[in-house]
Amino acid sequence: QKIKREWELKHKLDTILTVISYIESRNDSTKFNLDENAAGLLQIRPIMVKEVNQILGYKKYSLKDRWSKQKSIEMFIIYQNFINPEYNEELAARYWNGGRNGDKKQTTDRYVDLYYKYKDVIYDKSTLITKK
């Protein structure tokens, strides 16, 4: 039962990461958005680096780490484990797009719609864990 639960969580996280990295950069870790100062695979802004370091309680990541696919994914996982440990897909999208209060912001509705749109494109519907 525990192994099945761990597998389900890992699969959910993998799905979330796959879809969000596609939305953010089309899986291109060299992408940069000057308007938002967002860099890398997951388009991480400086505030997210600061937030992840606060969650950890020490300065592990720097702005340069946003360009590393591996470190970007590490930051994403740390953030989701802190704010969304059950890996709820809608909440993952809202928090990634809107920060800690993303679940309360209407501005994240469009991002959630994009999430499910691209999830349907990326994954065959028969393999989806959750449906909107």
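The notes below deal with the structure included here. (Residues numbered from 1 in each chain as written. Predicted model: local features only at pLDDT ≥ 70, side-chain atom pairs only at ≥ 80, totals over all residues. Heavy atoms only, no water.)

### Focus on a positive patch on the surface
We apply this condition: For patch building, the residue pool is restricted to those with more than 30% relative accessible area and no salt bridge; the joining distance is 9 Å between like charges and 5 Å between nonpolar side chains (Val, Leu, Ile, Met, Phe, Trp, Tyr). Accessible surface area values rest on a Shrake-Rupley calculation with a 1.4 Å probe, where residue burial reflects the displayed protein chains alone. By definition, a salt bridge exists where a carboxyl oxygen of Asp or Glu is found within 4 Å of a side-chain nitrogen of Lys or Arg. Counted charges follow a simple rule, with Lys and Arg positive, Asp and Glu negative, and His plus the chain ends left uncounted. To locate a charge, the coordinates of NZ of Lys, CZ of Arg, CG of Asp or CD of Glu are taken. By definition, any uninterrupted DSSP run of H or I lasting at least four residues is a helix, any uninterrupted run of E lasting at least two residues is a strand, and each is numbered from the N terminus. Only protein chains enter the area calculation, which uses a 1.4 Å probe; residues under 20% of their type maximum are buried, those over 50% are exposed, and those in between are partly exposed.
Side chains of R26, K31, R110 and K117 sit close together on the surface and give a patch of like positive charge. Here K31 shows up in the loop between α1 (2-25) and β1 (32-33). Given a relative accessible area of 36%, K31 falls into the partly exposed group.

### What to know about the nonpolar core
So the rule is basically this: In plain words, nonpolar cores are sets of buried Ala, Val, Leu, Ile, Met, Phe, Trp, Tyr and Cys residues tied together by side-chain atoms within 4.5 Å. In this description, contact between two residues means that some pair of their heavy atoms is separated by no more than 4.5 Å.
Counting 31 residues, the largest nonpolar core has I20, L42, F76, W96 and Y115 as its most contacted members. Breaking this core down by element, the ones donating at least two residues are α1, α2 (46-56), α3 (69-83), α4 (89-98) and α5 (109-122). With residues up to four places along the chain from it excluded, the contact list for L42 reads L17, I20, S21, E24, S72, I73, F76 and W96.

### A short note on unusual backbone geometry
Across the chain, the bulk of peptide bonds are trans and the bulk of non-glycine residues have phi less than zero. One non-glycine residue, R26, adopts positive backbone phi at about 55°. For R26, the location among the structural elements is in the loop between α1 and β1. Positive phi values are uncommon outside glycine, yet N27 reaches one of about 65°. Structurally, N27 is set in the loop between α1 and β1.

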